[in-house]
Amino acid sequence: MPDPATGELISDAEVAEIPEYTAFASRKKSERVTARLIVRRVRDLAKPPVVGEQGELFPVWRYHPFFTDQPAATLQAEREHRHHAVVEQVIADSKAGALAHLPSGHFHANAAWLTLWAMTYNLLRATGSLTSAFHAKATTATLRTHLIQVPARIARSARRITLHLPHNWPWQHAWTHLFDTVHDSPG
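Heads up: these notes are all about the structure in this document.

Counted according to the given criterion, the structure contains four aromatic pairs. Relative to Phe 179, the ring of Trp 175 has its centre 5.5 Å away and its plane inclined at 15°; by these criteria the two rings are stacked. Taken together, the residues Trp 175 and Phe 179, both in helix α5 (residues 172-182) and four residues apart, mark about one turn of the helix. Looking at Trp 175, the relative accessible area reads 14%, which means it is buried. Looking at Arg 41, its charged tip hangs above the ring of Trp 61, at a distance of 3.7 Å from the centre. One cation-aromatic arrangement involves Arg 43 over Trp 61; the distance from NZ or CZ to the ring centre is 5.6 Å.

Here it is as structure tokens:
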């Protein structure tokens, strides 16, 4: 699995489990819940292990705990939890877009918004994948801000359209890479 911060493959993830962990132990007995606590830890690859000539004294880890009563094996439960988290992120991302208009009270309007959401979501995912590794994992709101809502000026001269991008715009290289990838060269 790739590291979300650096994009490098993670090879040193570790998973541990406390089989009978009681959550809310300080509350009344009826409010206590006992289940499995599974924790996945991954080295933080964004922080270098060596600074100058001195190595790190304590490695930096990122911890991802979750509480479950799922009977599957530890590694399988952890893998399913990560996949579930990806699906939840897609749903949250979708609710920030066209699905925020649902339900509208009209069946055909709901069908139209759902169709528009599916088309734009798939087009934005393809756009992000063609642009850069960062944009391939970015939310649709980030893709709209960086690549769609371009702060540019369109000029026309001698039957040619010229797009003037702002100077020092941070996403100019990503946008021009996307443009060069999908645009046929004249000739």
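With that settled, the discussion passes to the environment of Leu 75. Structurally, Leu 75 is set in helix α1 (residues 74-95). On the accessibility criterion, Leu 75 (53% relative accessible area) is exposed. When the C-alpha positions of Leu 75 and Arg 40 are compared, they lie 9.5 Å apart, and in sequence the two are 35 residues distant.

The next subject is α5. Residue pairs three or four apart in sequence face the same way in an α-helix, which turns once every 3.6 residues. Within the sequence span of α5, burial applies to Ala 174, Trp 175 and Leu 178. Along α5, the residues classed as buried sweep out an arc of 100° about the axis, all on the same side. Facing away from the buried side of α5 by more than 90 degrees, the exposed set consists of His 173 and Asp 180. Those residues of α5 that are buried lie in contact with α2 (107-131), α3 (133-137), α4 (140-148) and β7 (160-164).

Our focus in this paragraph is the sheet that holds strand β1 (residues 14-23). Pairing in this open sheet of three strands is antiparallel, and the strands run β1-β2-β5 from one edge to the other. Two strands lie at the open edges of the sheet, namely β1 and β5 (61-68), each paired on one side alone. Strand-to-strand twist across the sheet, computed as the mean angle between neighbouring axes with direction ignored, equals 25°. In the sheet, strand β2 (residues 33-43) pairs with β5 via eight bridges, with the strands oriented antiparallel. Along β5, the bridge assignment pairs Arg 41 with Tyr 63.

Our focus in this paragraph is α1. In this model, α1 (22 residues) spans 31 Å end to end at C-alpha, consistent with the 32 Å of a helix rising 1.5 Å per residue. Those residues of α1 that sit buried are Ala 77, Glu 78, Asp 93 and Ser 94. In the core, the buried residues of α1 are packed alongside β1, β2, β5, α2 and α4.

The next thing to look at is a nonpolar patch on the surface. The grouping of Ile 18, Tyr 21, Phe 24, Val 33 and Phe 67 at the surface amounts to a nonpolar patch, some 430 Å² of accessible area in total. Structurally, Val 33 is set in strand β2. Exposure remark for Val 33: the relative accessible area of 36% places this residue in the partly exposed category.

Right, let's get into the nonpolar core. Counting residues in hydrophobic clusters, the biggest one holds eight residues: Leu 124, Ala 138, Leu 143, Leu 147, Leu 165, Trp 169, Ala 174 and Trp 175. Contributions of two or more residues to this core are made by α4 and α5. If we skip the residues at most four places from it in the chain, Leu 143 touches Leu 124, Arg 125, Gly 128, His 135, Ala 138 and Ile 148.

With five bridges joining them, strand β6 (residues 153-157) and β7 adopt antiparallel strand pairing. Each bridged residue has a counterpart across the sheet, and for Ala 155 the counterpart in β7 is Thr 162. Where β6 folds back onto β7 in an antiparallel hairpin, the turn is made up of two residues, including Ala 158, whose phi is positive at roughly 50°.

With respect to the helices, strands and loops of the structure, His 135 is situated in helix α3. The contact partners of His 135, leaving out residues within four places of it in the chain, are Gly 128, Leu 143, His 146, Leu 147, Trp 171 and Ala 174.

What counts as what
Residues numbered from 1 in each chain as written. Predicted model: local features only at pLDDT ≥ 70, side-chain atom pairs only at ≥ 80, totals over all residues. Heavy atoms only, no water. Phe/Tyr/Trp six-rings, centres within 6.5 Å; stacked < 30°, edge-to-face > 60°. Helix = DSSP H or I, 4+ residues; strand = E, 2+ residues; numbered from the N terminus. Buried < 20%, exposed > 50% of the residue type's maximum accessible area, 1.4 Å probe, protein only. Lys NZ or Arg CZ within 6 Å of the ring centre and 35° of its normal. Arc of directions from axis to C-beta. Contact = heavy atoms within 4.5 Å. Pairing = 2+ DSSP bridges. Axes fitted to C-alpha atoms, helices over the stretch in contact; angles between N-to-C directions. Expected span 1.5 Å × (residues − 1). Patch = residues over 30% accessible without salt bridge, like charges linked within 9 Å, V, L, I, M, F, W, Y side chains within 5 Å. Areas by Shrake-Rupley, 256 points an atom, 1.4 Å probe, with all protein chains shown as cover. Salt bridge = Lys/Arg side-chain N within 4 Å of Asp/Glu carboxyl O. Core = buried A, V, L, I, M, F, W, Y, C linked by side-chain atoms within 4.5 Å.

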